[in-house]
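Single-letter residue listing:
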Amino acid sequence: NIGEVYRHQGDYANALKSHQKALEIRKISFPPNHPDLANSYENIGEVYRHQGDYANALNSHQKALEIRKISLPPNHPDLAVCYSYIALVHSNQREYANTLKSHQKALEIALNSV
C-alpha cells in the first residue's frame, strides 16, 4: 500500500522500491504461484507503465497473468484485470491491434465470470 501512495504522488522511484520490497517478502512467505505475488507484479507493472518503461511494464503484467492463470479458475475476474492492464500498456505503445486483443480477452472473461 505504501508503494501505491508513492505512485499516486508521482514518486515512482520510491513506489518501485516499495513494491519490489513487498514482492521479495511475498516470495519468501508464499509459494511461487500464489496470487499475492501476481498482485506485486501488477503493482510493479503499473509503476513502470506510468514511468513510460513499457517493456518492463508488459513483462511485469505478463508475470502476473501467468501466475493467475496457474492459481485461479479460467474465468476468474482477476484474469480480466490482468488483460486490461496489458491492454493499457499496448495502448500506451500505440499497438492498437494488441490493445484490442487484450481488451477482448478481458471482456470474454468478464462475461463468462458473471
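Residues numbered from 1 in each chain as written. Predicted model: local features only at pLDDT ≥ 70, side-chain atom pairs only at ≥ 80, totals over all residues. Heavy atoms only, no water.

In the nomenclature of an unreviewed UniProt entry, the chain corresponds to Kinesin light chain from the organism Didymodactylos carnosus.

*Asks:* Mind showing me how you'd approach the UniProt feature "repeat: TPR" (unreviewed entry) in the chain here?
*Replies:* In the UniProt entry, the feature "repeat: TPR" (unreviewed entry) is given for residues 38-71. With 94% helix and 0% strand, the stretch residues 38-71 has end C-alpha atoms that lie 10 Å from each other. (UniProt positions renumbered as here; feature names shortened; annotations may be inferred. Helix = DSSP H or I, 4+ residues; strand = E, 2+ residues; numbered from the N terminus.)

*Asks:* Before we go on, may I ask you to explain the environment of Ile 44 in this structure?
*Replies:* By the secondary structure assignment, Ile 44 is in helix H3 (residues 35-51). Ile 44 sits 21 residues away from Leu 23 along the chain, and the two C-alpha atoms are 9.0 Å apart. Setting aside residues no more than four positions away along its own chain, Ile 44 makes contact with Leu 16, His 19, Gln 20, Leu 23 and Ser 60. (Contact = heavy atoms within 4.5 Å.)

*Asks:* Which parts of the structure should I look at to understand the pattern of salt bridges?
*Replies:* Pairs may arise between side chains of opposite charge once their charged atoms sit close together. Enumeration according to the criterion identifies 6 salt bridges in this entry. A salt bridge links Glu 4 to Arg 7, with the shortest nitrogen-to-oxygen separation between them at 2.8 Å. Residue Glu 4 and its partner Arg 7 are both found in helix H1 (residues 2-9); the two are separated by 3 residues, about one turn of the helix. Arg 7 shares its class with Glu 4; the two are buried. A salt bridge links Glu 108 to Lys 105, with the shortest nitrogen-to-oxygen separation between them at 3.6 Å. (Salt bridge = Lys/Arg side-chain N within 4 Å of Asp/Glu carboxyl O. Buried < 20%, exposed > 50% of the residue type's maximum accessible area, 1.4 Å probe, protein only.)

*Asks:* I'm lost on the packing of H1 against helix H2 (residues 12-29) in this one. Help?
*Replies:* Packed helices, taken two at a time, are described by the angle between their axes plus the distance between the axes. The interhelical angle for the contact between H1 and H2, taken along N-to-C directions, is 165°, at an axis separation of 8 Å. As the angle between them shows, H1 and H2 are arranged roughly antiparallel. H1 and H2 meet at a crossing whose hand is left-handed. From H1, Ile 2, Gly 3, Glu 4, Tyr 6 and Arg 7 reach across to H2, where they touch Tyr 12, Asn 14, Ala 15, Ser 18 and His 19. Residues belonging to the contact of H1 with H2 are distributed by class as follows: 4 nonpolar, 4 polar and 2 charged. (Axes fitted to C-alpha atoms, helices over the stretch in contact; angles between N-to-C directions. Parallel < 35°, antiparallel > 145°, perpendicular 65-115°, else oblique. Left-handed = near helix turned anticlockwise from the far one by under 90°. Nonpolar A, V, L, I, M, F, W, Y, C, P; charged D, E, K, R; others polar.)

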